[in-house]
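Overview (structure and organization)
Below are the chains, spelled out letter by letter.
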Amino acid sequence: MALARAARSSFFRSRGSIPCYSCGKDMLSDVGQTQRLLPSLESITSGGNLSHFSSTRKVDIASFGSRGIRISSQYQSPYAERVVEESDSEHDSPNYPGLEATKPGEKPRVVVLGTGWAACRFLKGLDTKIYDVVCISPRNHMVFTPLLASTCVGTLEFRSVAEPVGRIQSALATEPNSYFYLATCTGIDTNKHEVYCETVGKVGLPHEPYWFRVAYDKLVIAAGAEPLTFGIKGVKENAFFLREVNHAQEIRKKLLLNLMLSENPGVSEEEKKRLLHCVVVGGGPTGVEFSGELSDFIVRDVRERYSHVKDYIQVTLIEANEILSSFDIGLRQYATNHLTKYGVHQVRGVVKEVHAKKIVLSDGTDIPYGLLVWSTGVGPSEFVKSLNLPKSPGGRIGVDEWMRIPSSEDVFALGDCAGFLEQTGKQVLPALAQVAERQGKYLVELFNRIGKENGGKAWSGKDIRMGEPFVYRHLGSMASVGRYKALVDLRQSKDAKGISHAGFMSWLIWRSAYLTRVVSWRNRFYVAVNWATTLVFGRDNSRIG
């Protein structure tokens, strides 16, 4: 058993491209070493005494097959049936089942990692007469993030902000060589033009975790970003983030649970105040919009339906500097005054530590809470950090003016996970939906042109002219602050001059703009109906789950 473990662990130290996310040039020599290791293990398991392997079982690798995944020739060899330990949980096999490289005469394959704004805009415009497409993501839908805060309090239903990726690019569901895989990418080998993935969840597959690989001709990394916690102790364990539909669902359940529990007999005044104290950390657009939706929910719905505890509920917004710092100073002051008027208590401070029932500020102040929502921006994910690729300032994947990763042929990155390299002379763009969407639109037009010029295959685009580089022009910013009021700032940058407006008319502009930006007509209909229903009947306060 010890020898078997040694052989496997030595192999995986050599195959750094998969578990270690690296793409070293010395891989070929390491594989030779691996091939020398495996026969020694064979001899042990075939000719030696197997009494020591009482906890082992045989696994038929052919059982790894799934929709669109072919078993490579190595799996069809006499050694395809191998011995593994049941306790080993990952990377037991020296090779993964997967999609092989495309052959001459087949359409080039584009692999897209992610289903965010950038990825879905790219998928929507990709010409599937030229390319086959494979999308890999741990979620099968795009989230319309500007309206996500509205789902937390029941203004909108969750399905109104989720668009299935199969509706965005129908080829993923209908074309024979295009697929969507519900999985996370764990590594990239740019030399072999392969990505390595692990399926999401455990559902009784023959081998779990279930690993597979996909060969690509062109790779688009649009894996998004993760919420920034600044290393503050207790944030991940106790706070809710607001970036996914399931985050909004958890916030809604927690909010309604606290409202109902606070009405139970025997709950002290102090405990009621804590349970019904909603704290939002971060004064950006997401934090302000959530605070506005929450105050609107309290004023209109809580006071009517939870009259026994209506005087205990409170919202606090904590920001280290000014709220909505990228907006015009007049709009910032309007937002501050409006939120204060409708019961949002604003605190300027820095969170030092988060506990299960209170947060501690840097000045020593304790703030008890029943619901804590953390919205302090985003940063590179652990997956992005682990990739052996050049990085831009801030730790994102470094790209040039055409969204290419200069050190890796046929690999592109866009959205929140990508940033311009210093040598381009361009600033890293903010992690905004309109930035990601614009990058996706630019890159898909570039891909379609390259494909028409026969540059879609791997290693075939070197001599093709790239055209104009990507240029981002800011269209402005909008934010709702609750009670039919919103801010519209149409300046090109923070220091530029331009139109800015706040109030009811801005709220109408905000709603109209986002209604037209919702991806499908189906979801536009859902959003419009939800808004009308809430206006007439109020929000639904059912707690399900």
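Residues numbered from 1 in each chain as written. Predicted model: local features only at pLDDT ≥ 70, side-chain atom pairs only at ≥ 80, totals over all residues. Heavy atoms only, no water.

Observations regarding the sheet that holds strand 8 (residues 179-189)
Selection criterion: For two strands to be treated as a pair, DSSP must find no fewer than two bridges joining them. For the purposes of this entry, the term helix denotes a DSSP run of H or I that reaches at least four residues, the term strand denotes a run of E that reaches at least two, and both are numbered from the N terminus. Two residues form a contact once any of their heavy atoms are found within 4.5 Å. An axis is simply a line fitted to the C-alpha atoms; with a helix, the fit covers only the stretch in contact. Between two such axes, the angle follows the N-to-C directions and lies from 0 to 180 degrees.
The strand order across the open sheet formed by 8 strands is 3-10-9-8-5-4-11-22, and the pairing between neighbours is mixed. Whereas interior strands pair on both sides, the edge strands pair on one side only; in this sheet they are strand 3 (98-99) and strand 22 (411-413). Sheet topology note: the strand 9 (residues 194-199)/strand 10 (residues 211-215) ladder contains 5 bridges and is antiparallel. Opposite Cys197, over in strand 10, you have Phe212 as the bridge partner. Running over the sheet, helix 3 (residues 117-125) touches strand 4 (109-113), strand 5 (132-137) and strand 11 (218-221) and is turned about 155° from strand 4. Sitting on the sheet, helix 13 (residues 433-452) touches strand 4, strand 11 and strand 22, and the angle it makes with strand 11 is about 180°.

So, the sheet that holds strand 15 (residues 344-348)
Read across the sheet, 4 strands follow the order 15-14-13-19 without closing on themselves; strand pairing throughout is parallel. Looking along the sheet, the strands with just one partner apiece sit at the ends: strand 15 and strand 19 (371-374). Averaged over neighbouring strand pairs, the angle between their axes works out to 20° when direction is ignored. Here strand 13 (residues 277-281) pairs with strand 19 via 4 bridges, running parallel. Within strand 19, the residue paired with Val281 across the bridge is Trp374. The strands touched by helix 10 (residues 285-305) within the sheet are strand 13, strand 14 (314-319), strand 15 and strand 19, with strand 14 carrying the most contacts at an inclination of about 170°. Packed onto the sheet, helix 11 (residues 329-341) meets strand 14 and strand 15 and runs at close to 130° relative to strand 15.

Describing the confidence of the model for the chain
Which entries qualify depends on this criterion: Per-residue confidence from the predictor is given as pLDDT, running between 0 and 100.
Put simply, the chain has an average pLDDT of 85, and 83% of its residues get 70 or more. When the criterion is pLDDT under 50, residues 1-94 qualifies, and its contacts beyond four places in sequence or with other chains add up to 138 contacts.

Focus on the pairing of strand 5
Rules: Throughout, exposure labels follow a simple rule: accessible area from a 1.4 Å probe, protein chains only, divided by the maximum for the residue type, with under 20% read as buried, over 50% as exposed, and the rest as partly exposed.
Most of strand 5 sits inside the fold, with 6 of its 6 residues counted as buried. Here strand 5 shows no split at all, with Asp132, Val134 and Ile136 on one side and Val133, Cys135 and Ser137 on the other all buried. In the sheet, strand 4 pairs with strand 5 via 5 bridges, with the strands oriented parallel. Each residue of the ladder has a partner; that of Val110, found in strand 5, is Val133. In the sheet, strand 5 pairs with strand 8 via 4 bridges, with the strands oriented parallel. The residue of strand 8 that forms the bridge with Ile136 is Tyr181.

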